[in-house]
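# Coordinate inspection notes
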Amino acid sequence: CANQPGVLLSMMETKKGSFKPKAKFYIHMTSVTSYSNSFELLCKELRNYRNHKYRMVIVSASRTRAARLADDLMDEGLNAYFSENTDQPVYPGEVLVTVGSLRRGFDYPDARFVYISENDIFGQNHLKKKRKKKKAEDHIRSLQELSPGDYVVHENYGLGIYQGMEKMEVDHVVKDYIKIAYAKKANLYILATQMDMISKYGNVGDRKPKLSTLGTLEWSKTKSRVKTAVTAVAKDLVELYALRQQDNGYVYGPDTVWQQEFEESFPYDETDSQLEAIADVKADMMSRKIMDRLICGDVGYGKTEIAIRAAFKAVQEGKQVVYLVPTTILAQQHYTNFVNRMKEYPINVEMLSRFRTTAQNKETVKKLKKGEVDIVIGTHRVLSKDVTFKDLGLLIIDEEQRFGVTHKEKIKQMKKNIDVLSLSATPIPRTLHMSLVGIRDMSVLDEAPLERTPIQTFVFEQNDEMVREAIERELARGGQVYYVINRVRTIADVAARIQSLVPDCEVAYAHGQMPETKLEEIMKSFMNKEIDVLVATTIIEIGLDISNVNTIIIHDADQLGLSQLYQLRGRVGRSNRRAYAFLMYKKDKVLKEVAEKRLAAIREFTDLGSGFKIAMRDLEIRGAGNLLGEAQHGHMDAVGYDLYCKMLSDAVNLEKGIETEGDFSTSVDLDLDAFIPESYIPDEVQKLDIYKRVAGVWTEEEKSDMMDELIDRFGEPPKSVNNLLDIALLKAAAHKAYITEIKQKGGVVTISLLPDGKINPAKIPEMIAEFAPYLEFRPNKEAPAFLIHYTKNSKFPKKEMISYLVNFVCTMRQKLVET
C-alpha cells in the first residue's frame, strides 16, 4: 500500500507492458494520529470520526486485549464491539475491534474508513501491561522449583514425596494431577489447580523426615502443635518491633525540583523493580513510622542508586547520612560515586576509613559533630565512640551480614530512632526470614539491567593448565582477571606461581593486612589496567565494580560459604561482555556434604537474578538461625520452612489486628477440561510455575495480567487454559464466601460451606427462592452445603457452568456473608 497521499496505484501494469489497465485509480490515504498512550485522546478522535460518519476498525495482536479495549470504549459511550469475523460489514459510526497484525494505521478520507493499530494507541514499547506489584515474600517463594523425589508439604495432608505430574481423564474430562507419595505406600493425586496448597519441604541432608500417614489425625495434631508455638513467637516478634513502628520518626516532604533534577541526571534507564523500590523508600521516609527496609537485589541491579537518592532526599532537609560498608575498598568506591553524582550540588561528602590519614579522619569527625558534613561513607570506623552527629537522619547499611557481633550491637543502638535502609544481594537466613514473615519491610530488585548476560560457571579440581588457559583467553580480549585465595600466608607464593604460568602478564597481590597506602596503590593500578591479574583475598567480595574484569578464578572454593561464593562471582560480568567463573578445589580431595551442596548450588544458579535462590538455598542448608530460640527448629522441621513461615505470618497479622482471608482452603472440581497441554507449555518446570501462579490468581485484574503474560510467552492459550483461569477466579470468589469446596458429580454441583463461617442462616431461604427450583440446602452441622441440580435447568448448558457458579457465589456472598 502507498503511504503518501495521491500516489498512483497501478496493479495491472508490468515492465513488459503485456497487460494494459482498463482504468487507473488515485486512492487518497493519510497516516493516523499517534495517541501517545492516551486513551482519552483516542476516544476524542473516535468521536470525531463518528461525527463524520466514519467506519472504524481497531486491530490488536491479542484477543484478550481486543475484547477489553472494546469494553472500555463502550463504557465511554462509543458504539464499539469485539469480533474476530472481519468479513462482516462495519456501519458508519461503529467501531470494530478485532484481532490481527497491523504495524501502523491509515485513513481513507474519501471512503470515510479508518484502520487504527494497537501500536498507534500504546506504542510498540508499551503493549505489555505493567505487572502488578507483588509482595517480596511471594516473589521469593515462587522461585522454589520442584523436582521428582523432593519432599513436599501439603497443607491438608502433610509431608510426602513429589512424584511428578500426571494427566488423567475421568468421565471424559482431562486434568493434570500432582502425584505425592505418603507413608505405607499410599499415593495422593492433587489437582494441579491446588498448587498453592503445596510447598517444598527444604533440605533434608542425611536425615530422612518421617512421611505423614493418610487417613489419620497425625498431621492435624502436628499443625495444631506448631500453630500454638508460632502464636507465642508472633507475639514476641510483634512486641519486639511494636515500639519502632509506633514511634514517630521524622516526616520528609514531597520531592523537590532539585530531587527531580538529580534523579534525571542518572545516566541509565531504571528497571521497573528499581523504580518500585525507590517509591517504597520515599513512602517510608514521608510517613510517620521509622523506616526499616531491606533492599534485596542481585549484584549490579542498582541498589546503590536507590541509596544515593534516599541520601539526597535526607540531606535536602538538613539531615545527616551515614553509609556503612564492610570494606575499605568499597568505602573508597562509594565515596567516588557519591562525589561524582553530587558534585553539582552544595553537599559535603566525606569518608572515614584506613585510606585516610589520622589527621583527615579527626577533621571529618569534628565536622560531623558540627554538622558541616552531610554524608559520611565509611567502614566500622564510623561506629567508634568518638563519632557523633549534629542531626543524623538516615543510616544505610551495605551487606549487614559482613559485620561482626560487636559492630551489630552498635548498629542496633544507632537504629533506635533513625531511618534505616539495608542493602543485600544474598541476605543471611535471619534477615531473609524476618522479611518473609512480614516483620521487616523488603523491596526486591528482580530485573537485570539491559545487555547483562549470565556468568558461565565451572567447578573442577585444581589444574594449572586450565588456570593458564583461562587467564590467556581473558587477556587476549583485553580483559583482566581476579584470582582469589583466602590465605594471606601463602598469597605471595600463589602470585609467583601465576606469574610463572603467564610470564608475559603483570601480576600483583592484595590483602587486608597490607599498609593502607600500598593497598590503595595496587587497587588504583588495577583499576587503571596497569595490572592484568590481581591475586587477592576475599576483600574484593563486596561491591567492587570494575567492568573490565570478566574472569574470576577461586582457589579452594569448597572452603567458602555459599553467599560468599555468589558475591565473589558477582565481581565479574558487570558489563555486556560474557564473563566466566572457575571454582577450584584440591585434587583428589573428598568434599564434605555441605561443601558439595554449596558448589552444586553456585553451579546451578547462574541465571541473572539468582541471589534470591542462593539465599533460599542457604536457608535450606544452614537453617533459619536462632530467630527467637532453638526450640523453633523442631517446629520448622515438623511442617517445613515454607508452611512454618506462612503460619507465622498469619499469626503475626493476627497479633497486628490485620484481617486475613481465613485459615481454610477452597477447592474447585468441575467436569471441564482444565489443564495446560504439552503442546502449549512442554517444559514441566515452567508448567508447574504457571500452575502455582494461576492458583494464586485472586482478582479480575490478576487474571488479565496472567492472560497477557501467557500470550506474550506462549501464544494464544487453548480453551483448557482459559478454563484454568476461570476456575481460579471462581475459587477466589468462593473463598471470600466461606466455601470450602465446589464439586460436580453427575447432574449435581455440591457447594460445601465452612461450618463456622460468617454466614447468616436467616437469609438462606431467600437464596433458595432466588435460584429455585434448582437449588436445595443441606443443613448438616458438620458439613452444610448447597446443592445445585443443574440438569433440571434447560437454560443451564455445560459451557456456561462457570459463569452460573460465579453469579451464584457472588449472590451468596452479597446476601449471606456477614461483613
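So, here's what we can say about the structure. (Residues numbered from 1 in each chain as written. Predicted model: local features only at pLDDT ≥ 70, side-chain atom pairs only at ≥ 80, totals over all residues. Heavy atoms only, no water.)

### Focus on the pairing of strand E30 (residues 775-778)
In this structure, E30 lies alongside strand E31 (residues 785-789), joined through four bridges in antiparallel fashion. By the bridge assignment, Leu775 is partnered in E31 with Ile788. Taking the residues that link successive antiparallel strands as the turn, the E30-E31 hairpin has six residues. (Pairing = 2+ DSSP bridges. Helix = DSSP H or I, 4+ residues; strand = E, 2+ residues; numbered from the N terminus.)

### A look at the pattern of salt bridges
Inspection of every chain in the model, using the stated rule, returns 33 salt bridges. A salt bridge links Arg68 to Asp708, with the shortest nitrogen-to-oxygen separation between them at 3.3 Å. Placement of Arg68 in helix H2 (residues 63-75) and of Asp708 in helix H22 (residues 700-714) is noted, with a sequence separation of 640 residues between them. We classify Asp708 as buried; its relative accessible area is 3%. A salt bridge links Glu465 to Arg468; its shortest N-O distance comes to 2.1 Å. Here Arg468 and Glu465 lie together in helix H13 (residues 464-476), a separation of three residues that amounts to about one turn. (Salt bridge = Lys/Arg side-chain N within 4 Å of Asp/Glu carboxyl O. Buried < 20%, exposed > 50% of the residue type's maximum accessible area, 1.4 Å probe, protein only.)

### What about the sheet that holds strand E15 (residues 320-324)?
Ordered by their spatial adjacency, seven strands build an open sheet running E16-E17-E15-E18-E19-E14-E20, and the pairing between neighbours is parallel. In the strand order of this sheet, the two ends are held by strand E16 (349-352) and strand E20 (441-445), each with one partner. Strand-to-strand, the axes of this sheet are offset by a mean angle of 20 degrees, without reference to chain direction. Note that strand E18 (residues 392-398) and strand E19 (residues 419-424) share five bridges and pair parallel. When the sheet's bridge partners are listed, Leu395 is paired in E19 with Val420. The sheet contacts of helix H9 (residues 328-342) involve E15, E16, strand E17 (375-378) and E18, and relative to E16 the element is tilted by about 175 degrees. (Axes fitted to C-alpha atoms, helices over the stretch in contact; angles between N-to-C directions. Contact = heavy atoms within 4.5 Å.)

### Re the sheet that holds strand E22 (residues 480-484)
Pairing is parallel in the open sheet, where six strands are placed in the order E21-E26-E25-E22-E24-E23. One side of each edge strand has no neighbouring strand; the edge strands of this open sheet are strand E21 (456-461) and strand E23 (507-510). On average, each strand axis in the sheet is tilted by 20 degrees relative to the strand beside it, whichever way the strands run. Across five bridges, the pairing between E22 and strand E25 (residues 549-554) is parallel. Bridge pairing in E25 links Val481 to Thr551. On the sheet, helix H14 (residues 491-501) packs against E22, E23 and strand E24 (533-536) and is oriented at approximately 165 degrees with respect to E23. Along the sheet, helix H15 (residues 516-527) contacts E22, E23, E24 and E25; its crossing angle with E23, the most-contacted strand, is approximately 135 degrees.

Honestly, that's just the spatial picture; any functional story needs more than this.
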